[in-house]
Amino acid sequence: MKARFPYGGVGDFVYGTNMQHHDNWMREHATAARAEGWALNASDGSDNGPWQIQRIDDPAQTPVHLANDRAAWAIVMSGTRGHHMAARDFVEHANPAEWRAMCEWQQQQPSDSPPPC
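Now for a look at the structure at hand. Along every chain, residues carry numbers that run from 1 in the direction the sequence is written. Local features in a predicted model are, by the rule used here, given only for residues with pLDDT of at least 70; side-chain atom pairs are given and counted only at 80 or more, and totals for whole chains, interfaces and linings are based on all residues. The side-chain quantities take in all heavy atoms of the structure and omit both hydrogens and water.

### Brief notes about the overall build of the protein
- The way it works is that DSSP assigns letters per residue, a run of H or I at least four long becomes a helix, a run of E at least two long becomes a strand, and they are numbered from the N terminus. Scanning the protein from N- to C-terminus turns up five helices and two strands.
- Overall, the protein shows an N-to-C arrangement of helices and strands of α-α-β-β-α-α-α.
- Any residue under 20% of the maximum accessible area for its type is buried, any over 50% is exposed, and the rest in between are partly exposed; the area is computed with a 1.4 Å probe on protein chains only. Taken over 117 residues, the protein has a buried fraction of 42%.
- The long-range share in the protein, meaning contacts at least 24 apart out of those at least 6 apart in sequence, stands at 55%.
- Accessible surface is estimated by sampling points in the Shrake-Rupley manner with a 1.4 Å probe; for residues, cover comes only from the protein chains shown. For the protein, the computed accessible surface area is about 6,400 Å², with 49% contributed by carbon and sulfur atoms. When checking whether two residues touch, look at their non-hydrogen atoms; a contact exists if any pair is within 4.5 Å.

Following this line, the structure appears as structure tokens:
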């Protein structure tokens, strides 16, 4: 299922009451994520939950084209910038099932640093 709000979900829905615990995901974060080839998307009706970290499918919309959503997860889980931390916090609270899947996936990846979970 394609996300309803590509490129970080910038719009009234994201900044309205449905963002209760996630006021730290701002337009600047969405812009920084897009520059890396990923987005925090609303995915209504998806079996994987309502909010997901996904690659941007359209190469014309980003300077970086990631191979798949797991590549987007890798950027978010290992990233140290504000938009990485904001995305992790957002998903942890807005879609706990996605957060658990991301943590389990990250723990299986070779890394010199511990996962943020």
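### Thoughts on helix α3 (residues 69–78)
- Where α3 is concerned, the buried positions are A72, W73, V76 and M77. Buried residues of α3, seen end-on, are gathered within an arc of 125° and therefore sit on one face of the element.
- Where the residues of α3 are buried, they touch β1 (38–42), β2 (51–55), α4 (82–94) and α5 (96–107).
- Capping of α3 at its N-terminal end is provided by N68; its side-chain oxygen lies 3.0 Å from the backbone amide nitrogen of R70. Picture the helix axis, draw a direction to every C-beta atom, and the arc is the one those directions span. Two N or O atoms form a polar contact when they lie within 3.5 Å of each other; inside protein one atom must be a possible hydrogen donor and the other a possible acceptor, and for residues adjacent in sequence the pair counts only when both atoms belong to side chains.

### Observations regarding the nonpolar core
- In this text, buried Ala, Val, Leu, Ile, Met, Phe, Trp, Tyr and Cys residues form a nonpolar core when linked through side-chain atoms within 4.5 Å. Grouped together as the largest cluster of nonpolar side chains are 22 residues, with contacts concentrated most on W25, W38, L40, I53, F90, V91 and M102.
- Where this core is concerned, the elements lending two or more residues are α2 (27–36), β1, β2, α3, α4 and α5.

### Looking at the packing of α2 against α4
- The contact between α2 and α4 brings their axes to 9 Å, and the two run at 105°. The angle between the axes of α2 and α4 places the two elements in the roughly perpendicular class. Across from H29, A32, A33 and E36 in α2, the residues of α4 making contact are G82, H83, H84 and A86.
- Throughout, the ten residues Ala, Val, Leu, Ile, Met, Phe, Trp, Tyr, Cys and Pro are labelled nonpolar, Asp, Glu, Lys and Arg are labelled charged, and all others, Gly among them, are labelled polar. Counted by class, the contact of α2 with α4 contains three nonpolar, four polar and one charged residues. For helices, the fitted line uses only the C-alpha atoms of the stretch in contact; every axis is such a line through C-alpha atoms, and the angle between N-to-C directions lies from 0 to 180 degrees. We call two directions roughly parallel when the angle between them is under 35 degrees, roughly antiparallel when it is over 145, roughly perpendicular when it lies between 65 and 115, and oblique otherwise.

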